[in-house]
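Structural features, examined
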Amino acid sequence: MTLADRLLELAHGDERAVLFTVVEGPQPGAKLLVLLERGGETVGDAPASLAPLAREIKRNGMHEHEGLRVFAEVYGPPPRLVVVGAVDTAEALCAAAKMLGWHTTCIDARAAFATPERMPSADELVVEWPDVALARVAPDHGTAVVVLTHDLKFDVPALQAALRTDAFYVGAIGSRKTQAKRREELVAAGVPEVELDRIHGPAGLDLGADTPGETAVAILSEALAVRAGRDGRPLKTAAGRIHVEA
């Protein structure tokens, strides 16, 4: 099957893939398509050494590799937001993420909380214990997980499960005291310290957020910055390009 045939298939499905196009270097214009769900199968005439980069790429952008400057274009389903805890901030987060075109999932073991009436912006509601639900939802490197339950009996299994995935962002709300207590519980549960450093907690950028809507903006902003490899500083003081470029 030709490269054009594969791209046509991707345009009509949700299969994950990355298309590299050489912009500068030998063979300008050469392309390599990496099909992530087919064991890294490749199609095209650009150097095969580009293929290992594909799993780390979360969004379109320029990259440099072995003397080449290439543009990487991501194919697949939209990013996902998975929130644990059907609270007001969860609904605000789902509403904000949907505006970005993300797919939203809300998990809560309490059936009385996880209802379409309380969470109208969630594309999917999962009424299960968080670790069981996350195992089924299977967050990948295109997924942000935010734990909002603020209750150790939910927080600990939720974060343990989230840290076992490739989620690009794992956030948890709560004061610094709550974060410290939660960290102690996770260490006692056998989670390595290096894994705990993946948790963004208290979740969100320092925007002075107060309401659920403002808190949602702060958390989603941090998730976007992490996804793009940015630190969330004001653009006025940023030294790099305004638009993402690796």
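None of the values given here were measured: they were computed from a predicted structure. (Residues numbered from 1 in each chain as written. Predicted model: local features only at pLDDT ≥ 70, side-chain atom pairs only at ≥ 80, totals over all residues. Heavy atoms only, no water.)

Time to look at the sheet that holds strand S3 (residues 41–44). Strand order across the open sheet formed by five strands is S3-S2-S1-S5-S4, with antiparallel pairing between neighbours. With partners counted over all chains shown, the strands left at the sheet margins are S3 and strand S4 (61–65), one partner each. Averaged over all adjacent pairs, the angle separating strand axes in this sheet is 30 degrees, with direction ignored. Two strands pair when backbone bridges link them, and S4 and strand S5 (residues 68–75) are joined in this way by five bridges, in the antiparallel orientation. The residue bridging His63 from the neighbouring strand is Val70, located in S5. Those strands touched by helix H1 (residues 3–11) are strand S1 (17–24), strand S2 (31–35), S3 and S5, and its axis lies near 45 degrees from that of S2. (Pairing = 2+ DSSP bridges. Helix = DSSP H or I, 4+ residues; strand = E, 2+ residues; numbered from the N terminus. Axes fitted to C-alpha atoms, helices over the stretch in contact; angles between N-to-C directions. Contact = heavy atoms within 4.5 Å.)

Structurally, Gly67 can be placed in the loop between S4 and S5. Since its relative accessible area comes to 71%, Gly67 is described here as exposed. Separated by 47 residues in sequence, Gly67 and Ala114 place their C-alpha atoms 51 Å apart. Not counting chain neighbours up to four residues away, the residues in contact with Gly67 comprise Glu24 and Gly25. (Buried < 20%, exposed > 50% of the residue type's maximum accessible area, 1.4 Å probe, protein only.)

Attention shifts here to helix H5 (residues 176–188). Between its first and last C-alpha atoms H5 spans 18 Å; for 13 residues at 1.5 Å apiece the expected length is 18 Å, and the two agree. All of the buried residues in H5 are Gln179, Arg182 and Leu186. Along H5, the residues classed as buried sweep out an arc of 65 degrees about the axis, all on the same side. Away from its buried face, by an angle of more than 90 degrees, H5 presents the exposed residues Lys177, Glu184 and Ala188. (Expected span 1.5 Å × (residues − 1). Arc of directions from axis to C-beta.)

By size, the foremost hydrophobic cluster in this structure holds 25 residues, and its most contacted members are Leu81, Val83, Leu93, Val146, Leu148, Tyr169 and Ile219. Elements represented by at least two residues in this core include exactly strand S6 (80–84), helix H2 (88–99), strand S9 (143–147) and helix H7 (212–228). Residue contributions to this core peak at six residues, all from H2. Look past the residues within four positions of Leu81 in its chain and what remains in contact with it is Leu93, Cys94, Ala97, Trp102, His103, Thr104, Thr105, Ala144 and Val146. Judged by nonpolar contacts, the second largest core, of 22 residues, contains Ile107, Val126, Ala161 and Val191. (Core = buried A, V, L, I, M, F, W, Y, C linked by side-chain atoms within 4.5 Å.)

Turning to the pairing of strand S7 (residues 103–107), a few remarks are in order. Most of S7 is tucked away, with four of its five residues classed as buried. Pairing between S6 and S7: five bridges, direction parallel. In the sheet register, Val82 faces S7, and the bridge partner there is Thr105. Assessed by its sense of winding, the connection that carries the chain from S6 through H2 to S7 is right-handed. One ladder, built from three bridges, connects S7 with strand S8 (residues 124–126); its direction is parallel. Bridge pairing links Thr105 to Glu124 in S8. (Right-handed = clockwise from strand over helix to strand, strands pointing away.)

Turning our attention to unusual backbone geometry. In the segment running from Gly201 into Pro202, the intervening peptide bond is cis, with an omega of -5 degrees. Within the secondary structure, Pro202 sits in the loop between strand S11 (199–200) and H7. Despite not being glycine, Gln27 has its phi angle at roughly 60 degrees, a positive value. Along the chain, Gln27 falls in the loop between S1 and S2.

This part covers the packing of aromatic side chains. Taken as a whole, this structure holds two aromatic pairs when the rule is applied. Measuring from centroid to centroid gives 4.9 Å for Trp129 and Phe154, while their planes differ by 50 degrees, and the two rings are tilted. One end of the pair, Trp129, is in the loop between S8 and helix H3 (130–137); the other, Phe154, is in helix H4 (residues 152–163), with 25 residues separating them in the sequence. You can call Trp129 partly exposed: its relative accessible area is 37%. Given the relative accessible area of 6%, Phe154 is considered buried. The ring of Phe113 carries the charged tip of Arg110 above its face, separated from the ring centre by 4.3 Å. (Phe/Tyr/Trp six-rings, centres within 6.5 Å; stacked < 30°, edge-to-face > 60°. Lys NZ or Arg CZ within 6 Å of the ring centre and 35° of its normal.)

In this section: the pattern of salt bridges. Enumeration over the complete set of coordinates arrives at 17 salt bridges. Close ionic contact of Arg38 with Glu15 constitutes a salt bridge, the shortest N to O distance being 2.8 Å. With Arg38 in the loop between S2 and S3 and Glu15 in the loop between H1 and S1, this residue pair connects regions lying 23 residues apart in the sequence. The salt bridge partner of Glu195 is Arg198, with a shortest N-O separation of 3.5 Å. In this structure, a network of salt bridges that share partners links the residues Arg6, Glu9, Glu15, Arg38 and Glu41. (Salt bridge = Lys/Arg side-chain N within 4 Å of Asp/Glu carboxyl O.)

Don't take any of this as a statement about function, it's just geometry.
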